[in-house]
Amino acid sequence: MVPADARVVDFCAGAGGKSLAMAARGSEVMASDVRRGALKELSRRAERAGVHVPTVVLPDEGDLPEPLFAFEPGWVLVDAPCSGVGVLRRHPEHRWHLDPEVLERRGRLQRAILDRAEALVPEDGTLVYATCSLLPSENQAVVADFLAAHPDFEAVGPAMLVAPHTDGTDGFFAQALQRSHRLQSTALRSPR
């Protein structure tokens, strides 16, 4: 979904599997996450792979760090923390961690992350929302709520949805959201 020549912020980078894959394809990538330890692992992995992926630790709340804005991404990837329903065939034990309350908390977190990440998306830029879940409450519902709250964005093309029973892979969802124009005020935008 993200083109090979993209300038992209991997907003929930974790230990960097996606960041490293994008960098290996030729994208300029800046990785961010609230987990400092995961970003340290990403840096070690990037060094071993011979690719440059700068990292930025996100504060738990408040303004985003200025280096993310200075990077001037055209793309922002949010592979949001989710229930992991899409990987149950490989990790069936995860089913014991699922209940309505957990799913409700995840949905709130996913919406908050998207609301925070959108500040980095320039006019005509693209925000990609992804999960390893097959649940509409973590996918289509989150996207619909985001679009309702952000009229300056629109869905681009159909969502990508792959599933074990139809595609022989883990379950995965992704939707590209393009900013058509900038609103005058956006929460959590760092002053320039």
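Some thoughts on the overall build of the chain
Now for step 1: Looking only at helices and strands, the chain has 6 helices and 7 strands in total.
Now for step 2: Listing each helix as α and each strand as β along the chain from the N terminus yields β-α-β-α-β-α-β-α-β-α-β-α-β.
Now for step 3: For the chain, the C-alpha atoms occupy an extent of roughly 45 × 40 × 30 Å along the three principal directions.
Now for step 4: Split into buried and exposed, the 192 residues of the chain put 42% on the buried side.
Now for step 5: Pairs at least 24 apart in sequence give 67% of the contacts found in the chain among residues at least 6 apart.
Now for step 6: Just so you have it, the chain exposes about 9,700 Å², and 56% of that area is on carbon and sulfur atoms.

What about the packing of aromatic side chains?
Now for step 1: The tally for this structure, following the rule as stated, stands at 2 aromatic pairs.
Now for step 2: Taking 6.4 Å as the distance between ring centres and 65 degrees as the angle between the ring planes, the aromatic pair formed by Y129 and F173 counts as edge-to-face. Taken together, the residues span a long stretch of sequence, with Y129 in strand 5 (residues 126-131) and F173 in strand 7 (residues 172-179) at a distance of 44 residues.
Now for step 3: Seen from their ring centres, F146 and F153 are 5.1 Å apart, and the 65 degrees between their planes marks the pair as edge-to-face.
Now for step 4: Positioned above the aromatic ring of F71, the side-chain terminus of R7 is 4.3 Å from the ring centre.

Brief notes about the environment of R25
Now for step 1: Locating R25 in the fold gives a position in the loop between helix 1 (17-24) and strand 2 (28-33).
Now for step 2: Given a relative accessible area of 43%, R25 falls into the partly exposed group.
Now for step 3: A C-alpha to C-alpha distance of 15 Å links R25 and V9, two positions 16 residues apart in sequence.
Now for step 4: At a separation of 3.3 Å, a polar atom in the side chain of R25 contacts the main-chain carbonyl oxygen of P3.

Each value, and the rule that gives it
Within every chain, residues take consecutive numbers counted from 1 along the sequence as written. Residues qualify for local features only when their pLDDT is at least 70, as the model is predicted, and side-chain atom pairs are given and counted only at 80 or more; totals for whole chains, interfaces and linings, by contrast, use all residues. With hydrogens and water excluded, all non-hydrogen atoms of the structure serve as input to the side-chain values. Only DSSP runs of H or I covering at least 4 residues are called helices, and only runs of E covering at least 2 are called strands; the numbering of each starts at the N terminus. Residue burial is assigned from relative accessible area. The probe radius is 1.4 Å, only protein chains are included, and a residue is buried under 20% of its type maximum, exposed over 50%, and partly exposed in between. In what follows, a contact means two residues having at least one pair of non-hydrogen atoms within 4.5 Å. Computed with a 1.4 Å probe, the accessible areas rest on the Shrake-Rupley method; for each residue, only the protein chains presented here act as cover. Here a pair means two rings of Phe, Tyr or Trp (six-membered ring of Trp) with centres within 6.5 Å. Their orientation is stacked below 30 degrees between planes, edge-to-face above 60, and tilted elsewhere. Criterion for a charge above a ring: Arg CZ or Lys NZ at most 6 Å from the ring centre, at most 35 degrees from the ring normal. Throughout this description, a polar contact denotes any pair of N or O atoms lying within 3.5 Å of each other; where both atoms belong to protein, one of them has to be capable of donating a hydrogen while the other can accept it, and for residues adjacent in sequence the pair is counted only when both atoms sit in side chains.

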